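Coordinate inspection notes
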Amino acid sequence: MKSFEFTGPDVRADILEKYGAAGGLTGLFAEPTETAIHKWHHFLPLYDRYFSPYRGKPLKFLEIGVSGGGSLALWRRYFGPEAVIFGIDINPDCAAFDGLAGQVRIGSQDDSAFLAKVVAEMGAIDIVLDDGSHVMDHIKSSLEALFPALSEGGIYMIEDLHTAYGPSFGGGFNAPGSFYNEVRRMIDDMHHWYHGKAPHVPARAAWVSGLHIHDSLVVIDKGKVYPPTHSVVGIE
């Protein structure tokens, strides 16, 4: 498999040259830290695009996947002290990061009862970032459990979806289990007014107000969906 690891000397310069981003989260990511943070360079400006309106506000942010704790520390620096930040991970060693940059709870993203307890503790969720197992079934079950709890106007982001093409993650090119097939169903549901078929997931279809597809990253906007209407204004 091809290696995509950046080997140049200046991470910030690479992101600036390719994506025109140097400040914001890119600047924070490029600073030396005590804990390792692994992020694809093209994700940095996308995080800023979708998350920047929440900076400095008391948002409630849940990250699936804690790993070495570096990502939670990055989000704390980015969102500021008012943010309520939780991370979940199945690895019990991640409990060592609890109470540092955020709260850490140990459990599986595939466990709906565990996720419900985390949601109850947080009280609400404005952003979910799924950087967990990247297994197709786990991604789907987390979405089913957490999207209903997401606040109106909130963001559900799933990253590293190149795994949708990996058989070891339950995916593969044109594989039935690929999460991109779930995305296609969401697209169909958004347009059920026009094709006349019943939505695949009616409860979710009533709240998916937008979908954004980027390389290895999907963003789902949560907002009340109304039947489409159009008007003619002026003289025809």
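Attention in this report is confined to the structure presented alongside it. (Residues numbered from 1 in each chain as written. Predicted model: local features only at pLDDT ≥ 70, side-chain atom pairs only at ≥ 80, totals over all residues. Heavy atoms only, no water.)

**A few points about the side chain of Glu63**
Convention followed: The numbering of helices and of strands both runs from the N terminus, where a helix is a DSSP run of H or I of at least 4 residues and a strand a run of E of at least 2. What qualifies as a polar contact is a pair of N or O atoms within 3.5 Å, subject to a donor-acceptor requirement within protein and to the restriction that residues adjacent in sequence count only when both atoms come from side chains. Whether two residues touch is decided by their heavy atoms; if any such pair falls within 4.5 Å, the residues are in contact.
With respect to the helices, strands and loops of the structure, Glu63 is situated in strand E1 (residues 60-64). Within the structure, the side chain of Glu63 is placed 2.9 Å from the side chain of Ser71, a separation counted as a polar contact. With residues near it in sequence (within four places) discarded, Glu63 still touches Lys39, Ser71, Leu72, Trp75, Phe86, Gly87, Ile88, Leu129 and Asp131.

**A short note on the packing of aromatic side chains**
Our working rule: Centres within 6.5 Å are what make two rings of Phe, Tyr or Trp a pair, Trp counting through its six-membered ring; a difference in plane orientation under 30 degrees is then read as stacked, over 60 as edge-to-face, and the rest as tilted. Exposure classes here rest on a 1.4 Å probe applied to the protein chains alone. A residue is buried below 20% of its type maximum, exposed above 50%, and partly exposed in between.
This structure, assessed with the given rule, holds 13 aromatic pairs. Their ring planes at 50° and their centres at 5.2 Å tell us that Phe61 and Phe79 sit as a pair that is tilted. Taken together, the residues Phe61 in strand E1 and Phe79 in helix H4 (residues 70-79) connect sequence positions 18 residues apart. One exposure class covers both Phe61 and Phe79, and it is buried.

**Describing the layout of surface pockets**
To locate leftover empty space, one rolls a probe as large as a water molecule over the atoms. Condition: With a 1 Å grid spanning the protein atoms alone, the term cavity applies to any set of points in which a 1.4 Å probe fits but cannot get out, the term pocket to an open set with protein on both sides within 12 Å along at least five of seven lines, and the term lining residue to any residue with an atom within 4 Å of a point. Grid points are joined across faces, edges and corners, and a volume is the space filled by probe spheres set on the points. Three classes are used, and their members are as follows: Ala, Val, Leu, Ile, Met, Phe, Trp, Tyr, Cys and Pro are nonpolar, Asp, Glu, Lys and Arg are charged, and the others, Gly among them, are polar.
Size it by volume and the second largest pocket reaches roughly 410 Å³. Gly65, Val66, Ser67, Asp89 and Asp131 are the residues nearest the centre of the second largest pocket, which is lined by 27 residues in total. Of all the secondary-structure elements, those providing two or more residues to the lining of the second largest pocket are E1, H4 and strand E2 (84-89). Classifying every residue of the lining of the second largest pocket by side-chain character gives eight nonpolar, 13 polar and six charged.

**Examining the sheet that holds E2**
Note the threshold: Here a strand pair is declared whenever DSSP counts at least two bridges between the two strands. Orientation is described by axes fitted as lines to C-alpha atoms, over the contacting stretch for helices, and by angles from 0 to 180 degrees between their N-to-C directions.
The strand order across the open sheet formed by seven strands is E3-E2-E1-E4-E5-E7-E6, and the pairing between neighbours is mixed. The open sheet terminates on both sides in strands that have one partner only, identified here as strand E3 (103-106) and strand E6 (208-214). Strand after strand, the sheet turns through a mean of 15° between neighbouring axes, direction not considered. In terms of strand pairing, E1 meets strand E4 (residues 125-130) through four bridges, oriented parallel. Of the residues in E4, the one forming a bridge with Ile64 is Asp130. Strands E1, E2, E3 and E4 of the sheet are contacted by helix H5 (residues 112-122), whose axis makes an angle of about 165° with E2. Lying over the sheet, helix H7 (residues 179-190) contacts strand E5 (150-159), E6 and strand E7 (217-222), oriented at roughly 140° with respect to E6.

Coordinates in, geometry out; function isn't part of it.
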